[in-house]
Amino acid sequence: MPPPPARSLARLAVGWAALSELVPLYPLYALLFLETGLTTAGVSGLFAVWSVTALLAEVPAGALADRGSRRGVLVCGGVLQAAAFALWTVAPGTAGFAAGFVLWGVAGSLYSGTAEALVFDGLRDVGAEEAFARVNGRMTAAELLVQVPTAAAATGLHAIGGFELVGWVSAATCLAAAALALRFPEPPRERTGALLTTLRAGARQVVRHPPLRIAVVAVALVGGLDAMEEYFPVLAADRGVPTGAVPFAVLVIALAGAAGAELGGRAAGLRDGLLPAALATAGLLLGAGAVLPAPAALTALALAYGLYLAVLVAAEARLQERIEGPYRATVSSVAGLGVELAGLLVFAAWALGGPVATAVLVLAVVPVVVRGLRPPVLD
């Protein structure tokens, strides 16, 4: 059993992860854009601003966390995200939405890599680094489970005060998450040099250390597959789920994902072949979900997503085990950048061949995972 400081940090990390996702604007912001008169093309343009910002800020944000206070970086991320939603509330329109997405994109980059590095080093400081996989799995599960109260809050707040109330409560929630982040312990560590020097050193560590490099590639490819979640409502509707029941169907899949993430923390220590086999099974189930009738398709998708998230949580833990030195957040952010880029492959696969092509993409990732998830002692 982990020591009391590790259990305390685990509770804090899971609570922070849940609170960070308890944002009532998440299920509604696309509707906010449309209500203000934006076209579908305009909304797509805003999403492009968001994506480009995240891509450009991802690795510099990790380097910033390595050369300064990682806890402070998490706090700044929460404040910037709160500012984004406040801006949307006081200045709803194309310019305000675009500026908000820039702020949100930077905030997301500040979270990415930094949270994992802070939690892993915190656990290692109290001699419990082996607990990271389980803590990370519970954080991922919490992010999925909180979708239920988030959806309920969004519905209730909008009914009471419209998008304005939803926006202000969302900003307040982000500030509350920032305040909670202040409680993260930050053990003493070697600080890196200038930002550009840190960027180069972190990238050099990935390029020159083969076991780390393949782990980064594996996490990037596996993490990018999570983009398939965006298509679950479409696939459920295509398989005959009534429109009114699609949100429930998607929720069932999310709950299965939460269970998989929780199990992933335990699966990180399994022997090499089981995790790639789990990912291959997820790919086959995803393909089966494209042809089975509604009840069986929903079951297949839920099982596929649960298995997939178990592999992702294990992959993230294996990556953290391989990172040495003061560039943990930078290296993690390099993997995060890869996740963003790999997600584009999922979008392309779905556009070209739907869920079957996406299932093939999942299977294509398995050989990389075979190598990338091998415990470091075997390299």
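Residues numbered from 1 in each chain as written. Predicted model: local features only at pLDDT ≥ 70, side-chain atom pairs only at ≥ 80, totals over all residues. Heavy atoms only, no water.

## Here we look at a nonpolar patch on the surface
A grouping of Leu-145, Val-148 and Leu-255 is seen on the molecular surface, where their side chains present a nonpolar patch of about 230 Å² in accessible area. As for its position among the elements, Val-148 is in helix H8 (residues 147-181). (Patch = residues over 30% accessible without salt bridge, like charges linked within 9 Å, V, L, I, M, F, W, Y side chains within 5 Å. Areas by Shrake-Rupley, 256 points an atom, 1.4 Å probe, with all protein chains shown as cover. Salt bridge = Lys/Arg side-chain N within 4 Å of Asp/Glu carboxyl O. Helix = DSSP H or I, 4+ residues; strand = E, 2+ residues; numbered from the N terminus.)

## Focus on a negative patch on the surface
A grouping of Glu-129, Glu-130, Glu-321 and Glu-324 is seen on the molecular surface, where their side chains present a negatively charged patch. Turning to its location among the elements, Glu-324 is positioned in the loop between helix H14 (294-322) and helix H15 (328-372). Looking at Glu-324, the relative accessible area reads 48%, which means it is partly exposed. (Lys, Arg positive; Asp, Glu negative; His and termini not counted. Charge placed at Lys NZ, Arg CZ, Asp CG, Glu CD. Buried < 20%, exposed > 50% of the residue type's maximum accessible area, 1.4 Å probe, protein only.)

## Looking at the packing of aromatic side chains
The relative placement of two aromatic rings is captured by the distance of their centres and the angle of their planes. Across all of its chains, the model carries 28 aromatic pairs by this definition. An angle of 80 degrees between the planes, with centres 6.3 Å apart, marks the rings of Tyr-29 and Phe-101 as edge-to-face. One end of the pair, Tyr-29, is in helix H2 (residues 29-35); the other, Phe-101, is in helix H5 (residues 94-111), with 72 residues separating them in the sequence. When its relative accessible area of 0% is taken as the criterion, Phe-101 is described as buried. By the ring-pair criterion, three or more aromatic residues cluster together here, those being Tyr-26, Tyr-29, Phe-33, Phe-47, Trp-50, Phe-85, Trp-88, Phe-97, Phe-101 and Trp-104. (Phe/Tyr/Trp six-rings, centres within 6.5 Å; stacked < 30°, edge-to-face > 60°.)

## With respect to the state of the cysteines
Formally, a disulfide is one covalent bond, and it connects the sulfur atom of one cysteine to the sulfur atom of another. Applying the stated criterion to the full structure yields 0 disulfides. The structure places no disulfide on Cys-76, whose sulfur is separated from the nearest cysteine sulfur, that of Cys-174, by 14 Å. On the basis of relative accessibility, which here comes to 44%, the residue Cys-76 falls in the partly exposed class. (Disulfide = S-S within 2.5 Å.)

## What to know about the packing of helix H4 (residues 70-90) against H5
Interaxial distance between H4 and H5 falls to 8 Å at its minimum, and their mutual angle equals 165 degrees. In terms of orientation, H4 and H5 fall into the roughly antiparallel class. Considering the relative orientation of H4 and H5, their crossing is left-handed. Contacts from Val-73, Leu-74, Cys-76, Gly-77, Gly-78, Leu-80, Gln-81, Ala-83, Ala-84, Phe-85, Leu-87 and Trp-88 of H4 reach H5 at Gly-96, Phe-97, Ala-99, Gly-100, Phe-101, Leu-103, Trp-104, Val-106, Ala-107, Leu-110 and Tyr-111. Across the contact of H4 with H5, the residue classes tally to 18 nonpolar, 5 polar and no charged. (Axes fitted to C-alpha atoms, helices over the stretch in contact; angles between N-to-C directions. Parallel < 35°, antiparallel > 145°, perpendicular 65-115°, else oblique. Left-handed = near helix turned anticlockwise from the far one by under 90°. Contact = heavy atoms within 4.5 Å. Nonpolar A, V, L, I, M, F, W, Y, C, P; charged D, E, K, R; others polar.)

## Quick word on the environment of Val-216
The residue Val-216 is located in helix H10 (residues 210-224) in this model. Look at Val-216 and you get buried, because its relative accessible area is 6%. With 120 residues separating them in the primary sequence, Val-216 and Gly-336 have C-alpha atoms 8.8 Å apart. Beyond its immediate chain neighbours, meaning those up to four positions away, Val-216 contacts Val-206, Leu-319, Val-331, Val-334 and Ala-335.

## Remarks on the nonpolar core
Judged by nonpolar contacts, the single largest core of 46 residues is most densely connected at Val-222, Leu-279, Tyr-305, Tyr-308 and Leu-319. Those elements that place two or more of their residues in this core are helix H7 (132-145), helix H9 (195-208), H10, helix H11 (232-238), helix H12 (246-267), helix H13 (274-289), H14 and H15. Tallying contributions element by element places H14 first for this core, with 11 residues. Counting 26 residues, the second largest nonpolar core, distinct from the first, contains Val-119, Leu-180, Phe-184 and Ala-317. (Core = buried A, V, L, I, M, F, W, Y, C linked by side-chain atoms within 4.5 Å.)

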